[in-house]
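# Coordinates in review
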Amino acid sequence: MSISVKALSKNYGTQKAVNHISFEATPGKILGFLGPNGAGKSTTMKMLTCYIPKSSGEAKVCGFDISTDALEVRKNIGYLPESNPLYHEMYVKEFLFFVGEIYQLRDLKARVNEVIELTGLKKEQHKKIGQLSKGYKQRVGLAQAIIHNPNVLILDEPTSGLDPNQLIEIRALIKELGKTKTVILSTHIMQEVEAICDEIVIINKGEIVAKDTLQGLLTTHGEKSLEPIFVKLTKDI
């Protein structure tokens, strides 16, 4: 089990951003982690990547506890946050070398070239990141997330800003990576989830309201698509 979450919570004063959630994610399957704005998705991902501490509960990544083995957790995770923080004054290739050096990668030049090819950045590699379109900046963010060949990928809105052609290419890359890695994908695009996710977790107001395979959810709710299910489970009454 690459990711195991048990009764995980995050409180900000009296506000419960994440409230005793439990789920698992396994290699070879892409888990869609869904919810409306403010539901607790990004907070959960930040806890799993050791970006912020938990309040209670337990979470392990590749067997390493997020509280006591944070460095090992980080070694095993590739993370593309929603904000996609990049050094805009650096050139694409320069930036990827910089990230690879942080991870102390062997044969760094070959790995940088491989990742540039994988993410479709070959024509942009000698440009400054600040000169790139939003779609290509997303590709750079994805490239830095996979450069150290992590066992787990946590992707927060990875296709944001991509045009339809770019979207198809990145979707194919994520699906390919998902064959051998554990992938958690958060997005508001339901068609994206239907196209690439094997399992679905829906969170609302800090609590999990659905957890099943895509087909299982469709069958249980008698729907042909995910969108009406999502709306029904997350709509304020």
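Here is what the cut-offs are and how they apply
- Residues numbered from 1 in each chain as written.
- Predicted model: local features only at pLDDT ≥ 70, side-chain atom pairs only at ≥ 80, totals over all residues.
- Heavy atoms only, no water.
- UniProt positions renumbered as here; feature names shortened; annotations may be inferred.
- Helix = DSSP H or I, 4+ residues; strand = E, 2+ residues; numbered from the N terminus.
- Rg over C-alpha atoms; globule rule 2.2 N^0.38 Å.
- Contact = heavy atoms within 4.5 Å.
- Areas by Shrake-Rupley, 256 points an atom, 1.4 Å probe, with all protein chains shown as cover.
- Lys, Arg positive; Asp, Glu negative; His and termini not counted.
- Charge placed at Lys NZ, Arg CZ, Asp CG, Glu CD.
- Patch = residues over 30% accessible without salt bridge, like charges linked within 9 Å, V, L, I, M, F, W, Y side chains within 5 Å.
- Salt bridge = Lys/Arg side-chain N within 4 Å of Asp/Glu carboxyl O.

Where an unreviewed UniProt entry is consulted, the protein chain appears under the name ATP-binding cassette domain-containing protein, with the organism given as Pedobacter alpinus. Comment text from UniProt for the protein chain, heading Sequence similarities (unreviewed entry), reads "Belongs to the ABC transporter superfamily."

### As for the overall build of the protein chain
On a plain count of helices and strands, the protein chain comes out with 9 helices and 10 strands. Over its C-alpha trace the protein chain gives a radius of gyration of 18 Å, about what one expects of a compact globule, namely 18 Å for 237 residues. Projected onto its principal axes, the C-alpha positions of the protein chain cover 50 × 40 × 30 Å. At a minimum sequence separation of 6, the contacts of the protein chain that also span at least 24 residues come to 67%. Surface exposure of the protein chain reaches about 11700 Å², of which carbon and sulfur atoms provide 49%. Computed over 30 positive and 27 negative side-chain charges, the inter-centroid distance for the protein chain is 1 Å.

### Topic: a nonpolar patch on the surface
Taken together, the side chains of Tyr87, Phe98, Ile102 and Tyr103 define a hydrophobic patch exposed on the protein surface, amounting to about 400 Å² of accessible area. As for its placement among the helices and strands, tyrosine 103 is situated in the loop between α3 (92-102) and α4 (108-118).

### Here's the deal with the UniProt feature "domain: ABC transporter" (unreviewed entry) in the protein chain
As annotated in UniProt, the feature "domain: ABC transporter" (unreviewed entry) corresponds to residues 3-230 in the numbering used here. Measuring from the first to the last C-alpha atom of residues 3-230 gives 24 Å, for a span that is 36% helix and 27% strand.

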